[in-house]
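In case you want the letters, here they are:
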Amino acid sequence: MNPTPTDIAAARARIDVLRTEIRRHDRLYYVEAAPEISDHDYDRLYQELKNLEQSWPELVTPDSPTQRVAGEPLTAFATKPHALPMLSLDNTYDENDLRRFHDYVCRGLRDEQPVYVIEPKIDGVSISVRYEHGQLVQALTRGDGSQGDDVTANLKTIPSLPLRLAGPGPFPEVFEVRGEVFISKSGFQLLNARRQAQGEDEFANARNAAAGTLKLLDPRQVAERPLDVLFYAQGEIIGLEITSQQQLFQALADYGFRTQAWRRTADDFTSIAAAIRELLAAKHDFLYDIDGAVIKVDSFAQREILGLTAKAPSWARAFKYEPERRETRLRAITVQVGRTGVLTPVAELEPVALAGSTIARATLHNEDEIARKDIRIGDMVRIEKAGDVIPAVVNVVLGKRPPDAKPFDFFQHVGGKCPSCGSDIQRDPQFAAWRCLNLQCPAQSVRRLGHFAARQALDLEGLGGVVAEALVEQGLVREPLDVFALEQEPLASLNLGTTDAPRQFGTNNAKRLLDAIARAREMPLSNWLLALGIPEVGAATAFHIGRTHRDMRDLAESSVLRDLLALLAIQDGVLPEPQPSLAELGDLFAAAEARQPKALTAKASKDELVARLQPLGLIKLGSNGVYVTTVIGPKTARNIVDFFASETGKELLQRLEELGINPPGTGAEAETETDATAEAAGATPLAGKTFVITGTLSEEREAVAAKIRAAGGTVSSAVSRNTNYLVAGANVGARKTEKAAQLGVRVIGEEELRAMLKQGGG
Ligand code: IVH
């Protein structure tokens with residue numbers, strides 16, 4: 001039966017009532033922290049609305065409370081202009097500077113007396129959110145200040161963000177407000193614990209986590225992260241008069257935005273200084289990270305008089321708190337074993353309270369770092385937590401060095417043996433690092449297993465740190481491939497606790513993990529290659545290997561990599577044409593490195609090699625007439641070849657064969673493609689382009705640089721006329737963006753870069 005207009009009207013009326021109620025309860029719960037109904041009653045309202053909207057899809061509106069997580073993942077963020085530039089703040093660490101700021105304000109205002117508002121400076125990522133006629137229409141990141149990324153879908157997932165302004169209206173034509181997206185201290189702990197359990201890299205600090213989350217392309221993933229937002233400034237406002245910061249806060253509260261509760265006013269320097277000291281003392285009580293205070297002139301009329309510079313308003317200052325340092329005793333140095341057997345020294349400290357937590361350990365990086373800082377066991381050391389979670393030893397307090405402080409000799413300290421398995425260790429000259437040479441070392445097994453199970457690798461959800469450790473310790477797994485022999489029963493009773501306080505993994509978890517393991521059998525070659533953890537092989541290499549090889553067996557005897565190495569060897573003059581066998585090639589490179597030329601000749605001519613490699617998009621002709629690799633460098637290629645030629649590699653292939661696993665690449669298609677399409681699938685989307693990276697990105701800057709290089713681009717440290725793109729993350733310094741603007745260098749965000757990288761990947 002077709003619905004009658006009365007049916008629709010009734011549904012519409014009920015939907016309106018439900019939405020209004022749900023919005024009110026959202027606000028009470030998330031903004032005012034004063035809920036009126038139980039979670040259960042709330043869920044009932046929400047479910048009723050969802051059901052009605054399902055029956056009447058034409059009545060769904062974007063501002064419905066059900067639409068917080070909606071839409072498909074994006075391929076890239078659109079860059080959009082800011083109606084008003086998003087400025088930054090001038091910073092200072094020095095109270096005298098602040099006094100000068102106050103003097104400057106007083107001079108500028110002549111006979112008028114300023115009133116200041118002092119607010120905590122939230123350590124997050126700034127955002128500009130725009131409402132038109134009361135409806136949320138857009139959320140932009142700061143970007144370069146004049147344009148930013150459209151992250152509306154991501155912002156909408158934050159429960160406290162109004163999708164429409166609260167209250168009866170009428171609403172201003174435009175109400176654009178600015179604030180800070182962040183992750184609370186506890187949210188960050190939870191997020192990292194979850195990542196650790198899933199074998200994913202942990203975020204260094206809450207700000208990075210927030211920045212990375214905001215730049216995720218899939219709103220469903222964003223919704224799973226504990227993002228939050230607080231507002232403190234206005235952007236473009238049309239149809240409403242606001243004349244001061246205090247009025248702005250009132251308007252924000254009336255419209256249902258969350259603002260910071262802590263706020264002080266001051267009308268002279270003494271009270272400014274008192275407020276920032278009071279805030280510093282209260283810093284650790286905040287549920288989120290703050291890195292200073294912001295001092296703003298309250299009156300907007302006075303702000304007009306004081307004006308702006310290109311980068312920051314003259315009516316405000318940020319007073320940043322120095323990263324906290326503490327002195328404590330270095331009791332001992334212990335040594336940790338990483339996935340590749342690298343041994344990392346760790347400082348064991350007399351526990352000390354620092355930046356809101358108790359610190360008992362800090363990384364010492366490597367042997368050279370310890371020598372450079374002349375760190376000795378027993379020393380009094382100064383430690384710092386500069387916004388990061390992992391504390392560092394800054395220096396030694398020499399005046400407090402005890403006479404018996406012991407200089408640290410790495411080799412002697414561990415008795416020349418791996419602290420985990422007792423095997424011999426060797427110093428890797430390239431990385432200032434000592435390495436355990438035993439591939440069966442349990443500490444390495446645990447790390448390798450974690451790497452194997454990571455999301456970008458085989459995505460074995462539930463096989464994170466603790467579980468990996470228990471599996472290795474209790475003898476269920478020694479090598480990652482052992483997971484394919486796991487059975488439900490022993491897995492379910494795996495003890496994650498101690499002998500005294502056992503804690504079982506459980507049947508459900510076991511089932512879930514076994515499902516993930518079953519899925520891993522079908523994962524493509526690129527994921528498998530990443531899972532193997534071959535040195536230098538990152539996501540970009542894995543992707544290009546995947547698309548140029550048919551399957552794992554094809555890769556193990558890769559003619560593509562052999563061709564690539566041969567071509568480079570011919571060009572370097574190491575190898576006369578034509579070309580030798582793979583084993584001979586390995587020898588040849590080794591000989592070349594040891595400067596012992598070997599009399600070998602190549603079996604294919606340079607032209608033949610070029611003809612085979614160019615259509616695959618793995619090489620390009622450089623300006624000097626020499627072919628260069630674009631995505632897989634000679635060192636990486638050799639590492640892969642070496643791996644499959646090694647005993648470990650051969651065993652791996654053998655075991656995969658026994659398990660009936662042969663991860664497929666997309667190589668078969670690549671081979672049947674015409675040269676033109678293969679080139680369009682282009683492996684070198686960034687060829688000839690120079691990038692500079694600035695600001696906080698969602699991953700290590702070096703990792704981003706590696707991806708750019710892998711795609712044929714060049715990365716340099718300073719913006720110049722030769723720069724094509726400035727990749728700006730969160731909290732970008734104004735210096736680089738200003739220089740970029742001067743030179744007409746395009747500023748792009750991380751997502752745009754990712755999209756550019758992807759274009760090569762099809
Ligand atoms: S006012 C015109 N107030 O700090 C500038 N900013 O270092 C308006 N921030 O870009 C900014 N807490 O992302 C303001 N209470 C606060 C803030 C705050 C954090 C951030 C903001 C700004 C950066 C400058």
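A quick note: this is a predicted structure, and the numbers were derived from the prediction, not measured. (Residues numbered from 1 in each chain as written. Predicted model: local features only at pLDDT ≥ 70, side-chain atom pairs only at ≥ 80, totals over all residues. Heavy atoms only, no water.)

Participant: Would you take a moment to explain the pattern of salt bridges for this structure?
Facilitator: Side chains that differ in sign of charge can pair as their charged atoms come close. One pass over the full model with this rule turns up 49 salt bridges. For E327, the salt bridge goes to K400, with nearest N and O atoms at 2.6 Å. A residue pair is termed long-range when its members are at least 10 positions apart, and E327 in strand 12 (residues 325–337) and K400 in the loop between strand 16 (392–396) and helix 12 (410–413) qualify at 73 residues. By relative accessible area, which is 41% here, K400 ends up partly exposed. (Salt bridge = Lys/Arg side-chain N within 4 Å of Asp/Glu carboxyl O. Helix = DSSP H or I, 4+ residues; strand = E, 2+ residues; numbered from the N terminus. Buried < 20%, exposed > 50% of the residue type's maximum accessible area, 1.4 Å probe, protein only.)

Participant: Is there a simple way to think about helix 9 (residues 269–282) in this case?
Facilitator: The α-helix advances 3.6 residues per turn, and as a result positions three or four apart in sequence lie on the same side. The first and last C-alpha atoms of helix 9 sit 20 Å apart over 14 residues, in line with the 20 Å expected at 1.5 Å per residue. For helix 9, the elements touching its buried residues are helix 3 (95–109), strand 3 (116–122), strand 9 (264–266), strand 10 (290–297) and strand 11 (316–320). (Expected span 1.5 Å × (residues − 1). Contact = heavy atoms within 4.5 Å.)

Participant: Help me understand the site of the ligand, please; the structure alone is not making it clear to me.
Facilitator: Around the ligand sit 13 residues, and of these E119, I122, E180, Y232 and K296 come closest. K121 has a polar side-chain atom sitting 3.2 Å from an oxygen atom of the ligand. Note that an oxygen atom of the ligand is positioned 3.4 Å from one of the side-chain N or O atoms of S126. When the ligand is considered free in solution it has 530 Å² of accessible area, and contact with the protein chains removes 89% of it. Those elements giving two or more residues to the shell around the ligand turn out to be strand 3 and strand 10. The leading source of residues in the shell around the ligand is strand 3, at 4 residues. Per-class residue counts for the shell around the ligand are 7 nonpolar, 2 polar and 4 charged. (Near = heavy atom within 4 Å. Polar contact = N/O pair within 3.5 Å; in protein donor to acceptor, adjacent residues only side chain to side chain. Areas by Shrake-Rupley, 256 points an atom, 1.4 Å probe, with all protein chains shown as cover. Nonpolar A, V, L, I, M, F, W, Y, C, P; charged D, E, K, R; others polar.)

Participant: Looking at this structure, how should I read the sheet that holds strand 10?
Facilitator: Within a sheet, neighbouring strands are paired by backbone hydrogen bonds and run either parallel or antiparallel to one another. Pairing within the open sheet is mixed, and its 5 strands lie in the order 2-11-10-3-9. Looking at which strands have only one partner, the edges of the open sheet turn out to be strand 2 (91–92) and strand 9. In terms of strand pairing, strand 2 meets strand 11 through 2 bridges, oriented parallel. By the bridge assignment, T92 is partnered in strand 11 with F319. Strands strand 2, strand 3, strand 10 and strand 11 of the sheet are contacted by helix 3, whose axis makes an angle of about 170 degrees with strand 11. Against the sheet, helix 8 (residues 245–254) contacts strand 3, strand 9 and strand 10, and its axis sits at roughly 55 degrees relative to strand 3. (Pairing = 2+ DSSP bridges. Axes fitted to C-alpha atoms, helices over the stretch in contact; angles between N-to-C directions.)

Participant: Is there a simple way to think about the nonpolar core in this case?
Facilitator: As a rule of thumb, nonpolar side chains are buried together in soluble globular proteins. Core analysis: the largest hydrophobic core is formed by 70 residues, its most contacted members being L460, L463, V483, W528 and F644. Here F644 is in contact with L532, M552, L555, A556, G649, K650, L652 and L653, once residues within four sequence places are set aside. Counting residues in hydrophobic clusters, the runner-up holds 41 residues, among them I158, F175, L216 and L227. (Core = buried A, V, L, I, M, F, W, Y, C linked by side-chain atoms within 4.5 Å.)

Participant: Looking at this structure, how should I read empty space enclosed by the protein?
Facilitator: One way to see where empty space is left: roll a probe the size of a water molecule over the atoms. Under the definition given, this model contains 4 cavities of 30 Å³ or more. Of the pockets and cavities examined, the largest cavity occupies roughly 50 Å³. Residue lining of the largest cavity: M552, R553, L653, L656, E657, I661 and N662, and that is the complete set. Elements with a contribution of two residues or more to the lining of the largest cavity: helix 19 (552–556) and helix 24 (647–659). Element by element, the count of residues in the lining of the largest cavity is highest for helix 24, at 3 residues. Per-class residue counts for the lining of the largest cavity are 4 nonpolar, 1 polar and 2 charged. (1 Å grid on protein atoms, 1.4 Å probe; cavity = no way out; pocket = protein on both sides within 12 Å on 5 of 7 lines; lining within 4 Å. Points joined across faces, edges and corners; volume = space filled by probe spheres on them.)

Participant: I keep staring at the environment of S717 and nothing clicks. Help me out?
Facilitator: Locating S717 in the fold gives a position in the loop between strand 22 (714–716) and strand 23 (725–728). Note on S717: relative accessible area 61%, which makes it exposed. For the pair formed by S717 and I632, sequence separation is 85 residues and the distance between their alpha carbons is 23 Å. Here S717 is in contact with V692 and K736, once residues within four sequence places are set aside.

Participant: Sorry if this is basic, but what is going on with the packing of aromatic side chains here?
Facilitator: The relative placement of two aromatic rings is captured by the distance of their centres and the angle of their planes. All told, the structure shown has 18 aromatic pairs when counted by the stated rule. Judged by centre distance (5.3 Å) and plane angle (85 degrees), the rings of Y131 and F257 are edge-to-face. Here Y131 is found in strand 4 (residues 125–132), whereas its partner F257 is found in the loop between helix 8 and strand 9, with 126 residues between them in sequence. In this structure, Y131 and F257 share a single accessibility class: buried. Between F175 and Y255, the ring centres sit 5.0 Å apart and the planes meet at 75 degrees, which makes this aromatic pair edge-to-face. Of this pair, F175 sits in strand 7 (residues 174–183) while Y255 sits in the loop between helix 8 and strand 9, and the two are 80 residues apart along the sequence. (Phe/Tyr/Trp six-rings, centres within 6.5 Å; stacked < 30°, edge-to-face > 60°.)

Participant: What is the right way to read the layout of surface pockets from this model?
Facilitator: In this model, the second largest pocket occupies a volume close to 620 Å³. Y30, Y42, Y46, P65 and R68 are the residues nearest the centre of the second largest pocket, which is lined by 31 residues in total. Of all elements in the fold, only helix 1 (5–31), helix 2 (39–55) and helix 7 (219–223) reach the threshold of two or more residues within the lining of the second largest pocket. Each residue belonging to the lining of the second largest pocket can be placed in one class, and the counts come to 17 nonpolar, 6 polar and 8 charged.

Participant: What is the right way to read unusual backbone geometry from this model?
Facilitator: Most peptide bonds are trans, and most residues other than glycine sit at a negative phi. The omega torsion across G169 and P170 is 0 degrees, close enough to zero to call that bond cis. By the secondary structure assignment, P170 is in the loop between helix 4 (152–156) and strand 7. Located in the positive-phi region is A33, a residue other than glycine, with phi close to 50 degrees. By the secondary structure assignment, A33 is in the loop between helix 1 and helix 2.

Participant: Is there a simple way to explain the pairing of strand 18 (residues 433–436) in this structure?
Facilitator: It is a general feature of regular strands that their side chains alternate between the two faces of the sheet. The sheet contact formed by strand 13 (residues 342–354) and strand 18 spans 2 bridges and is antiparallel. Its bridge partner lying in strand 18, L343 is registered against W434. Note that strand 17 (residues 425–428) and strand 18 share 4 bridges and pair antiparallel. Across the sheet, the residue bridging to I425 is C436, located in strand 18.

Participant: Hey, could you run me through the sheet that holds strand 7 in this one?
Facilitator: One open sheet holds the 4 strands; their spatial order is 5-4-7-8, and the pairing between them is antiparallel. Taken across any chain shown, the strands that pair with only one partner, and hence form the sheet edges, are strand 5 (135–141) and strand 8 (227–238). Along the sheet, successive strands turn relative to each other by an average axial angle of 25 degrees, direction set aside. Across 6 bridges, the pairing between strand 4 and strand 5 is antiparallel. Across the sheet, residue E132 finds its bridge partner in strand 5, namely Q135. On the sheet, helix 6 (residues 206–214) packs against strand 4, strand 5, strand 7 and strand 8 and is oriented at approximately 125 degrees with respect to strand 7.

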